[in-house]
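For reference, the chains in residue letters:
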Amino acid sequence: VALGVFVVVLVGYVFTLAPTVTFWDAGEFIATARTLGIPHPPGTPLFVLLGNVFGRLVPIGEFAYRTNLMTAVVSAAAAALLFLVVVQGLRGWRTDGPTDRRSDGLYVLGGALAATLCAAFTFTVWQNSIETEVYMVATFSIAAICWLAWLWRRARGTARASHLLLVIVY
């Protein structure tokens, strides 16, 4: 289901993707990703490197379109990770009173899907997902750390737990 969320969100972003340079910082980030330059402070070196690699490896459209597409892909991946985190959070939630165990999955998946789509298509997230901007790479990092923290919690006491903590710290 998380893969389906990724595809749905990505399709929504690609249909509304900026075809070229947009206002504010996007032009600066596109230029520095192309030339491996240094944008305004704090410089965002990881974003510049990711933009450069993605822009060179994906042969679709102009460089500005490719870096816009990179942001959309990373943002859709963040939405898929958010979906996984919300599913895990809803699995243990119950109200008082009798519940139908067969419908738990529907409420969990439906609730996680609703939360994810609302988050992915709020104006600020959508706007920063269809242009070259650093915020969605940061959002992906946060979502990945949250998912890895959940995996670490499940793996506590095993040899894998320390490896997950190292990935989180990295």
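One structure accompanies this document, and this report is about it. (Residues numbered from 1 in each chain as written. Predicted model: local features only at pLDDT ≥ 70, side-chain atom pairs only at ≥ 80, totals over all residues. Heavy atoms only, no water.)

1. What about a nonpolar patch on the surface?
- The grouping of Leu3, Val7, Val11 and Phe15 at the surface amounts to a nonpolar patch, some 440 Å² of accessible area in total.
- Looking at where Val7 falls in the secondary structure, it is placed in helix 1 (residues 2-15). (Patch = residues over 30% accessible without salt bridge, like charges linked within 9 Å, V, L, I, M, F, W, Y side chains within 5 Å. Areas by Shrake-Rupley, 256 points an atom, 1.4 Å probe, with all protein chains shown as cover. Salt bridge = Lys/Arg side-chain N within 4 Å of Asp/Glu carboxyl O. Helix = DSSP H or I, 4+ residues; strand = E, 2+ residues; numbered from the N terminus.)

2. Some thoughts on the nonpolar core
- The biggest cluster of nonpolar side chains holds 18 residues, and the ones touching the most others in it are Val9, Tyr13, Leu17, Ala72, Phe83, Val87 and Ala120.
- For this core, the secondary-structure elements that each account for two or more residues are helix 1, helix 4 (63-91) and helix 5 (101-120).
- Per element, the largest residue contribution to this core is 7 residues, and it comes from helix 4.
- When neighbours within four sequence positions are excluded, Val87 is seen to be in contact with Val108, Leu109 and Ala112.
- In terms of nonpolar packing, the next biggest core, distinct from the first, is built from 11 residues, Leu81, Ala144, Leu151 and Leu164 among them. (Core = buried A, V, L, I, M, F, W, Y, C linked by side-chain atoms within 4.5 Å. Buried < 20%, exposed > 50% of the residue type's maximum accessible area, 1.4 Å probe, protein only. Contact = heavy atoms within 4.5 Å.)

3. Focus on the environment of Thr116
- Structurally, the position occupied by Thr116 is in helix 5.
- In this structure Thr116 comes out as buried when scored by relative accessible area, which is 0%.
- Residues Thr116 and Leu81, spaced 35 residues apart in sequence, show a C-alpha to C-alpha distance of 9.2 Å.
- With residues near it in sequence (within four places) discarded, Thr116 still touches Val5, Ala79, Leu82 and Phe83.

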